[in-house]
Amino acid sequence: MKKSYVMVIEKDEGGFYVGNIPELPGCHTQGRTLDELNRNMEEALSLYLECLEEINNEEFIPIEFVGVQKVSVA
């Protein structure tokens, strides 16, 4: 069964793209390009989910990703 996740992408001070999956705490990676980031995230996500299967899955409670919203201040 295939499941999709939302990846939040930022660009760090060194110019690397940094991606994380908010629903899966600690699941993050980086890449010099967006293509590299996507490849790295596919690998990181696969490994993350594989590790979840090895430990007791019932103890893991994923965070529900709701969305992204801009907030402005004066």
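Everything numeric in this text was worked out from a predicted model, so none of it was measured.

Taken in spatial order, the 3 strands make up an open sheet running β1-β2-β3, and their pairing is antiparallel. Looking at which strands have only one partner, the edges of the open sheet turn out to be β1 (8-11) and β3 (28-31). Across the sheet, the mean angle from the axis of one strand to that of its neighbour is 25°, orientation sign disregarded. Contacting β1, β2 (17-20) and β3, helix α1 (residues 34-54) crosses the sheet at an angle of about 150° to β3.

Moving on: the environment of His28. Secondary-structure assignment places His28 in strand β3. Expressed as a C-alpha distance, the spacing of His28 and Val68, which sit 40 residues apart in the sequence, is 17 Å. Contact partners of His28, with chain neighbours within four places excluded, come to Gly19, Asn20, Met41 and Ala44. Here Gly26 takes part through its backbone oxygen, which lies 3.1 Å from a polar atom of the side chain of His28.

Counting through the fold element by element, Glu23 comes out in the loop between β2 and β3. No salt bridge is formed by the buried Glu23; its nearest oppositely charged neighbour, Lys3, is found at 4.3 Å. Those residues in contact with Glu23, other than ones at most four positions away along the chain, are Lys3, Tyr5, Val6, Phe60, Pro62, Ile63 and Phe65.

There is about 310 Å³ of room inside the largest pocket. Lining of the largest pocket is provided by 13 residues; of these, Lys2, Lys3, Ser4, Tyr5 and Leu45 occupy positions nearest its centre. A breakdown of the residues in the lining of the largest pocket according to their chemical character gives 7 nonpolar, 3 polar and 3 charged. The computed volume of the second largest pocket comes to approximately 210 Å³. Classifying every residue of the lining of the second largest pocket gives 6 nonpolar, 1 polar and 3 charged.

Here is what the cut-offs are and how they apply
Residues numbered from 1 in each chain as written. Predicted model: local features only at pLDDT ≥ 70, side-chain atom pairs only at ≥ 80, totals over all residues. Heavy atoms only, no water. Pairing = 2+ DSSP bridges. Helix = DSSP H or I, 4+ residues; strand = E, 2+ residues; numbered from the N terminus. Axes fitted to C-alpha atoms, helices over the stretch in contact; angles between N-to-C directions. Contact = heavy atoms within 4.5 Å. Polar contact = N/O pair within 3.5 Å; in protein donor to acceptor, adjacent residues only side chain to side chain. Buried < 20%, exposed > 50% of the residue type's maximum accessible area, 1.4 Å probe, protein only. Lys, Arg positive; Asp, Glu negative; His and termini not counted. Salt bridge = Lys/Arg side-chain N within 4 Å of Asp/Glu carboxyl O. 1 Å grid on protein atoms, 1.4 Å probe; cavity = no way out; pocket = protein on both sides within 12 Å on 5 of 7 lines; lining within 4 Å. Points joined across faces, edges and corners; volume = space filled by probe spheres on them. Nonpolar A, V, L, I, M, F, W, Y, C, P; charged D, E, K, R; others polar.

All we've got here are geometric facts, nothing functional implied.
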